[in-house]
Amino acid sequence: MDDINFAVLGTGGIGRRTLELSTHREGLTPVAACDRHGIAVDHDGLDVGELLDATEGNIASGDDTDDGDDTDGANVAADGGATAVKQHGEDRGVAASGQARPTETPIDDVVDESDAVDAVLVALPNLEHDFIPRVADRFADAGYEGVLVDVLKRSRVIDMLDERTDRFEEAGITFVCGAGATPGLLTGAAALAAQSFVEVHEVDIWWGVGLRSGYEDNRGTVREDIAHLDGYDVETARDLSDEEIEEIVDDHDGVLEFHDMEHADDVLLERAGICDAEDVTVGGILDVRNDAKPTTTTVSVTGTTFDGERGTNTFELDDVTSMAANVNGPALGYLKAAVRRNRTEDYGVYGPAELMPGF
Ligand SMILES: NC(=O)c1ccc[n+]([C@@H]2O[C@H](COP(=O)([O-])OP(=O)(O)OC[C@H]3O[C@@H](n4cnc5c(N)ncnc54)[C@H](O)[C@@H]3O)[C@@H](O)[C@H]2O)c1
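Quick caveat, the model's predicted, so the values are computed rather than measured.

1. Some thoughts on the UniProt feature "binding site: NAD(+)" (unreviewed entry) in the protein
Then, in step 1: UniProt annotation of "binding site: NAD(+)" (unreviewed entry) refers to Gly10, Thr11, Gly12, Gly13, Ile14, Gly220 and Thr221 when read in the numbering used here. For the annotated residues, spread through 212 residues, the largest C-alpha to C-alpha distance comes to 12.9 Å, consistent with a single compact locus.
Then, in step 2: Along the polypeptide, Gly13 turns up in helix α1 (residues 13–22).
Then, in step 3: Judged by relative accessible area, which is 25%, Gly13 ranks as partly exposed.
Then, in step 4: Topologically, Gly220 is positioned in helix α9 (residues 219–226).
Then, in step 5: On the basis of relative accessibility, which here comes to 24%, the residue Gly220 falls in the partly exposed class.

Okay, here's the thing in structure tokens:
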């Protein structure tokens, strides 16, 4: 396969590691990266080491000046939450890199470069449901022909992307949604585990994540997870200040446990024909103070075989594999799979389970 020039939207906890991991994979050249305040572009390939050094401890995350107006590119959504913790100096975030410049229209600036881009990995927060679909619209409106991959988590966003299928097909866009860890790697694993059965009764996803780097370095991830705690939802989580989030983390001694999460593994397995969405449950434990996983990540698929046996196939991640590895590895893997499809003019919206053996 020919080399792939790709862009990353969002250089926070996930996006920075996307760039780093890409240097370990063949044929992937990052040519653009943006965050809320800046954009770095180099058509010959970004110097990832310099960019990571410049953004170390200097992530431009949320911003309480955002007004949710998406017409000017600067204010796409109030998605990043309240005031930022780590922003040093005038050149906050990616703009601190020698390869970057500050901008008030970071996403539109990447759209402007998209003729020279084969794939875009979206590592933006998703606290407004339609934020990522609206970002995709802007690429389609600009005549982008290529791949979009996101690592979003929430089930209800998948329908919003599905509604855009015709538009993406007309534009020549291949969109892979929910292509991180869960949904993503674990959804794909469930689709594979289901192949032993003719009928799938339930899929149970239980994840463990340890993030010693804490809320400060993983703000989108932690804030969105808090929305699943009893007494919170996406709207209330979005309005929490950084201090309030730190208090919630303190109240739980750094360990947050979640049940019945709205993770798109359910709708993505249903649209691949594996099982009904209601037969999928997702929960897990996040330790914001230790890198060690608080519990082992497992996917259990229970079904009946063609010869009448009821069984459970279980897929397990090694405890040493980090969230960054389990989100970005699959995201870049699905990105490559999507580029292959795009180059054969196979356009539209796909989920991770549809890129696995069919059911
Ligand atoms: N599927 C999975 O398994 C999985 C796992 C972890 C995280 N995630 C998702 O990844 C996403 C990113 O999480 P994170 O922890 O890296 O978040 P983060 O807050 O650390 O980083 C977000 C980045 O997006 C940028 N950004 C925000 N609004 C922007 C805008 N309007 N224009 C341009 N850039 C903007 C910020 O500046 C920052 O660089 C979240 O939605 C999270 O839920 C998915």
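Moving on, there is more to tell.
2. Some details on the packing of α1 against helix α2 (residues 48–55)
Then, in step 1: It is the contact of α1 with α2, at a shortest axis distance of 10 Å, that shows an interaxial angle of 155°. Looking at the two axes, α1 sits roughly antiparallel to α2. In the packing of α1 onto α2, the handedness of the crossing is left-handed. From α1, Arg16, Leu19 and Glu20 reach across to α2, where they touch Val48, Leu51, Leu52 and Thr55.
Then, in step 2: When its residues are assigned to classes, the contact of α1 with α2 shows four nonpolar, one polar and two charged.

3. As for the pairing of strand β3 (residues 38–41)
Then, in step 1: Taken together, the three bridges between strand β2 (residues 28–34) and β3 define a ladder with antiparallel strand orientation. For Ala32, the partnering residue across the bridge sits in β3 and is Val41.
Then, in step 2: Taking the residues that link successive antiparallel strands as the turn, the β2-β3 hairpin has three residues.
Then, in step 3: As defined by bridge partners, β3 adjoins strand β4 (residues 100–102) across three bridges and the pair is classed as antiparallel. For Ile39, the partnering residue across the bridge sits in β4 and is Arg101.

4. Section: the packing of α1 against helix α13 (residues 323–343)
Then, in step 1: Running from N to C, α1 and α13 cross one another at 65°; their axes reach a closest spacing of 9 Å. You can see that α1 and α13 cross each other, and the crossing is right-handed. In contact with Ile14, Arg17, Thr18, Leu21 and Ser22 of α1, α13 contributes Met323, Ala324, Val327, Asn328, Gly329 and Leu332.
Then, in step 2: Residue classes in the contact of α1 with α13 are distributed as six nonpolar, four polar and one charged.

5. What about the packing of aromatic side chains?
Then, in step 1: Across all of its chains, the model carries three aromatic pairs by this definition.
Then, in step 2: When the centroid spacing of 5.4 Å and the interplanar angle of 65° are considered together, the rings of Phe139 and Tyr144 count as edge-to-face.
Then, in step 3: Residue class for Phe139 comes out buried when judged on its relative accessible area of 0%.
Then, in step 4: For Arg341, the ring lying beneath its charged end belongs to Tyr350, and the centroid distance is 4.6 Å.

Conventions used here
- Residues numbered from 1 in each chain as written.
- Predicted model: local features only at pLDDT ≥ 70, side-chain atom pairs only at ≥ 80, totals over all residues.
- Heavy atoms only, no water.
- UniProt positions renumbered as here; feature names shortened; annotations may be inferred.
- Helix = DSSP H or I, 4+ residues; strand = E, 2+ residues; numbered from the N terminus.
- Buried < 20%, exposed > 50% of the residue type's maximum accessible area, 1.4 Å probe, protein only.
- Axes fitted to C-alpha atoms, helices over the stretch in contact; angles between N-to-C directions.
- Parallel < 35°, antiparallel > 145°, perpendicular 65-115°, else oblique.
- Left-handed = near helix turned anticlockwise from the far one by under 90°.
- Contact = heavy atoms within 4.5 Å.
- Nonpolar A, V, L, I, M, F, W, Y, C, P; charged D, E, K, R; others polar.
- Pairing = 2+ DSSP bridges.
- Phe/Tyr/Trp six-rings, centres within 6.5 Å; stacked < 30°, edge-to-face > 60°.
- Lys NZ or Arg CZ within 6 Å of the ring centre and 35° of its normal.

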